[in-house]
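# Observations on the three-dimensional arrangement
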Amino acid sequence: TTDQIVFIGDMIDKKSKVRSLFEKNKELGVIPCYQDNEITLKYLIQNELKDFKNLNYNTVNLILKYSNLNRNTVLNNLEKIKTYFDIKTINDNDLETLLDTDRNEIFENIRDAALDGNKNKLNDLLSNFAFSNESVYQYLNAINFRFQRILQIHNQNLTNNIDETINNIKPPIFWKDKPKFKQLAEKWRKSRLLEAIKYMNKLETSLKKNSSIDQKTILKNSITNICSNSFSYF
């Protein structure tokens, strides 16, 4: 068997005994690993898309913007770009639509994981998602709208038959989403829903009153709170 030792820390000084041991002993091997930064990820994007036309400074920054400086997200987005622009000519408008559509879909998964109380899935999604200050209220509205629709189901469920209520509710719920709404309506009691809606409204008001607040961090914390069913205010 081969023993592996992982050191996590800053760059090791040249005079370090550990560094000297690994450099001089032929039975030992070392591979230094460094955290990605904007420069390394830009190089990755430029190298992967070097054969594509219209690759420029704005294009690279747009990809970074939607990737949250996360290598895995960058690689996933690069694969989508290669598939979509099969003639190897990038169009900025199409590129932003492609990346933004994907981001909206991922956020829907984030929202549903939070409402489901699925912490592991939520943490995994959040680590690969690029929030932007411009979209904070859009995301808050998406969560709040979900809560409002579940509350509507409770208010109209006079016969205590959720399936019937969901089938007859107006505006209608898309057939593919009905099982999810039933699951959430059964999970979220009406009293807890009202608490959640109050929490979301107070959160939005606080963000609008305090422009100096880190809105992205507050949004992520609020999503985590929803997942934990704990509505603590900042």
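Up top is the structure.
Here goes a summary of the coordinates provided. (Residues numbered from 1 in each chain as written. Predicted model: local features only at pLDDT ≥ 70, side-chain atom pairs only at ≥ 80, totals over all residues. Heavy atoms only, no water.)

### As for the overall build of the protein
Along its length, the protein carries eleven helices and zero strands. The order of α-helices and β-strands along the protein, N terminus first, is α-α-α-α-α-α-α-α-α-α-α. A compact globule built from 234 residues would reach a C-alpha radius of gyration of about 17 Å, whereas the protein, at 23 Å, exceeds it by more than 25%. The C-alpha extent of the protein, read off along each of the three principal axes, is 80 × 45 × 45 Å. Sorting the 234 residues of the protein into buried and exposed places 36% on the buried side. Excluding contacts between residues fewer than 6 apart, the proportion of contacts in the protein whose partners are at least 24 apart in sequence is 67%. Per element, the accessible surface of the protein, about 15,400 Å² overall, is 48% carbon and sulfur. Positive and negative charge centroids in the protein, built from 35 and 29 side chains respectively, lie 5 Å apart. (Helix = DSSP H or I, 4+ residues; strand = E, 2+ residues; numbered from the N terminus. Rg over C-alpha atoms; globule rule 2.2 N^0.38 Å. Buried < 20%, exposed > 50% of the residue type's maximum accessible area, 1.4 Å probe, protein only. Contact = heavy atoms within 4.5 Å. Areas by Shrake-Rupley, 256 points an atom, 1.4 Å probe, with all protein chains shown as cover. Lys, Arg positive; Asp, Glu negative; His and termini not counted. Charge placed at Lys NZ, Arg CZ, Asp CG, Glu CD.)

### Description of the packing of aromatic side chains
According to the stated counting rule, one finds four aromatic pairs in the structure shown. Relative to Phe85, the ring of Tyr84 lies with its centre 4.8 Å away and its plane at 80°, an arrangement referred to as edge-to-face. Given a relative accessible area of 43%, Tyr84 falls into the partly exposed group. With relative accessibility at 5%, the residue Phe85 sits in the buried group. (Phe/Tyr/Trp six-rings, centres within 6.5 Å; stacked < 30°, edge-to-face > 60°.)

### Details of the pattern of salt bridges
Applying the stated criterion across every chain yields a total of eleven salt bridges. Here Glu48 and Lys82 are joined by a salt bridge, their closest N and O atoms 2.5 Å apart. Of the two residues, Glu48 is situated in helix α2 (residues 38–48) and Lys82 in helix α4 (residues 71–84); the sequence distance between them amounts to 34 residues. The partly exposed category is assigned to Glu48, whose relative accessible area is 32%. A salt bridge links Arg146 to Asp112, with the nearest nitrogen and oxygen atoms 3.3 Å apart. With Arg146 in helix α7 (residues 136–156) and Asp112 in helix α5 (residues 92–116), the pair connects residues that are 34 residues apart, well separated along the chain. No difference in accessibility class separates Arg146 from Asp112, as the two residues are buried. Salt bridges linked by common partners bring Glu48, Glu79 and Lys82 together as one network. (Salt bridge = Lys/Arg side-chain N within 4 Å of Asp/Glu carboxyl O.)

### Considerations on the packing of α2 against α4
Two measures define how a pair of helices packs: the angle their axes make with one another and the distance between the axes. At a minimum axis separation of 11 Å, α2 and α4 run at an interaxial angle of 20°. Classified by the interaxial angle, the pair formed by α2 and α4 is roughly parallel. The interaxial crossing formed by α2 with α4 has right-handed handedness. Counting all contacts with α2, which are made through Leu41, Leu44, Ile45 and Glu48, the residues of α4 involved are Arg71, Val74, Leu75, Leu78 and Lys82. Classifying every residue of the contact of α2 with α4 by side-chain character gives six nonpolar, no polar and three charged. (Axes fitted to C-alpha atoms, helices over the stretch in contact; angles between N-to-C directions. Parallel < 35°, antiparallel > 145°, perpendicular 65-115°, else oblique. Left-handed = near helix turned anticlockwise from the far one by under 90°. Nonpolar A, V, L, I, M, F, W, Y, C, P; charged D, E, K, R; others polar.)

### With respect to the side chain of Thr59
You can see Thr59 is positioned in helix α3 (residues 57–65). Residue class for Thr59 comes out buried when judged on its relative accessible area of 0%. Only 3.3 Å separates the side chain of Thr59 from the backbone oxygen of Asn54, close enough to count as a polar contact. With residues up to four places along the chain from it excluded, the contact list for Thr59 reads Asn54, Ile90, Asp92 and Leu95. (Polar contact = N/O pair within 3.5 Å; in protein donor to acceptor, adjacent residues only side chain to side chain.)

### Comments concerning unusual backbone geometry
Here the amide bond leading from Lys170 into Pro171 is cis, since omega sits at -10°, within 30 degrees of zero. The backbone of Asn54 shows a phi angle near 70°, a positive value even though the residue is not glycine. Inspection of the secondary structure assignment puts Asn54 in the loop between α2 and α3. One non-glycine residue, Lys88, lies in positive phi territory at about 60°. Along the chain, Lys88 falls in the loop between α4 and α5.

### Here we look at the nonpolar core
Ranked by size, the top nonpolar core spans 39 residues in total, and within it Phe147, Trp188, Ile223 and Ile226 carry the most contacts. At the level of secondary structure, the elements contributing two or more residues to this core comprise α5, α6 (119–127), α7, α8 (162–168), α9 (178–187), α10 (190–209) and α11 (215–228). Per-element tally for this core: the top contributor is α7, with eight residues. Leaving out residues up to four positions away in the same chain, Trp188 has contacts with Leu115, Phe147, His154, Leu193, Ala196, Ile226, Asn229 and Phe231. (Core = buried A, V, L, I, M, F, W, Y, C linked by side-chain atoms within 4.5 Å.)

### Regarding the environment of Leu203
Within the secondary structure layout, Leu203 lies in helix α10. Between the C-alpha atoms of Leu203 and Gln35, which are 168 residues apart in sequence, the distance is 34 Å.

### Regarding α11
Structural remark: α-helix, 3.6 residues per turn; residues separated by three or four positions point the same way. Taking 1.5 Å as the rise per residue, α11 with 14 residues should run 20 Å; its terminal C-alpha atoms sit 20 Å apart, in good agreement. Listed as buried for α11 are Gln215, Ile218, Leu219, Ser222, Ile223, Asn225, Ile226 and Cys227. Directly after α11, the chain includes Asn229, whose backbone phi takes a positive value near 60°. (Expected span 1.5 Å × (residues − 1).)

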